[in-house]
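# Architecture at a glance
Okay, here's what each chain looks like letter by letter:
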Amino acid sequence: LREWNRRHPAEPLRVVRLNRRDVGLHDGLVDVAVTRHLITDPAIESTIVGTERRLAALPVGHRLADSSSTSLADLVTEMVGSDGATGTTSAGLWHDAGLPPPRLVPTGDVEEWLEAIAAEEIIGVTSEATAHHYPRPGVVFVPIRDAPLIDVRIAWSKTRRHPSTDRIARRVAAAYARTS
């Protein structure tokens, strides 16, 4: 973000976090969004710019917290927090692996979700970006070795396409390509 704003002072970017399925694109609160869920609204377009691993977000005292990795089967008996607005965790994740799903508990935004994990009320399944952007005392992140990757998308409104959308998408895709 800093690098973009330094190179493009006439087109500064700022981070806006909205826990909504449309991530603020419908009403123009944002021009371009990074999402990890597919927005099926026909008024919104997106392109995949990268992928991320799924991680288990666990309380530090959890039985799997010291593991180098875990599996979806290891999580079947857990209570898993799930954000219906912007999350990527649903019963389908386990169904697709031929497993019964764990008990899914609805949660609000990422802050509420992390607090519930740290309080040992739930565990979570998330993208690796969460571990990077939201380190939290009391929460550890462990890779899930058999979970499918999460597609990372750049999304925009068809009716209000920002002139820098393609340039932003190329930069984000290049950043993911460097880390692969």
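Preceding block: the structure.
Below is a short write-up of the structure. (Residues numbered from 1 in each chain as written. Predicted model: local features only at pLDDT ≥ 70, side-chain atom pairs only at ≥ 80, totals over all residues. Heavy atoms only, no water.)

## Describing the overall build of the protein chain
Within the protein chain, the regular secondary structure consists of 5 helices and 8 strands. Against the globule reference of 16 Å for 180 residues, the protein chain gives a C-alpha radius of gyration of 17 Å, in line with a compact fold. Taking the principal axes of its C-alpha atoms as reference, the protein chain extends roughly 50 × 35 × 30 Å. Expressed as a percentage of the 180 residues in the protein chain, the buried residues total 39%. Within the protein chain, counting contacts between residues at least 6 apart in sequence, those at least 24 apart form 70% of the total. Accessible area for the protein chain stands at about 9,900 Å²; split by element, carbon and sulfur atoms hold 52% of it. (Helix = DSSP H or I, 4+ residues; strand = E, 2+ residues; numbered from the N terminus. Rg over C-alpha atoms; globule rule 2.2 N^0.38 Å. Buried < 20%, exposed > 50% of the residue type's maximum accessible area, 1.4 Å probe, protein only. Contact = heavy atoms within 4.5 Å. Areas by Shrake-Rupley, 256 points an atom, 1.4 Å probe, with all protein chains shown as cover.)

## Considering the sheet that holds strand β7 (residues 139–143)
Strands belonging to one sheet form pairs held by backbone hydrogen bonds; the direction of such a pair is parallel or antiparallel. Reading across from one edge, β5-β4-β6-β3-β7 is the order of the 5 strands in this open sheet, with mixed pairing throughout. This sheet does not close on itself; its edge strands, each paired only once, are β5 (103–106) and β7. Each adjacent strand pair in this sheet contributes to an overall mean axis angle of 35°, direction not counted. As paired elements, strand β4 (residues 79–82) and strand β6 (residues 123–127) share 2 bridges and run parallel to each other. (Pairing = 2+ DSSP bridges. Axes fitted to C-alpha atoms, helices over the stretch in contact; angles between N-to-C directions.)

## Comments concerning the sheet that holds strand β8 (residues 150–157)
Spatially, 3 strands are ordered β1-β8-β2 in an open sheet, and the strand pairing comes out antiparallel. Edge positions in the sheet fall to β1 (32–35) and β2 (44–52), since each has one partner strand and no second. For this sheet the average axis-to-axis angle between neighbouring strands, irrespective of direction, equals 20°. Note: β1 against β8, 4 bridges, orientation antiparallel. Residue pairing in the sheet places V32 in a bridge with W156 of β8. Taken strand by strand, helix α5 (residues 165–179) contacts β1, β2 and β8, and its axis lies near 15° from that of β2.

## Some thoughts on the nonpolar core
Ranked by size, the top nonpolar core spans 14 residues in total, and within it L58, L72, L75, W94, V125 and I144 carry the most contacts. Elements with a minimum of two residues in this core: β3 (54–59), α2 (91–95) and β6. Counting residues in each nonpolar core, the second largest holds 9 residues, with W113, L114, Y134 and V139 among its members. (Core = buried A, V, L, I, M, F, W, Y, C linked by side-chain atoms within 4.5 Å.)

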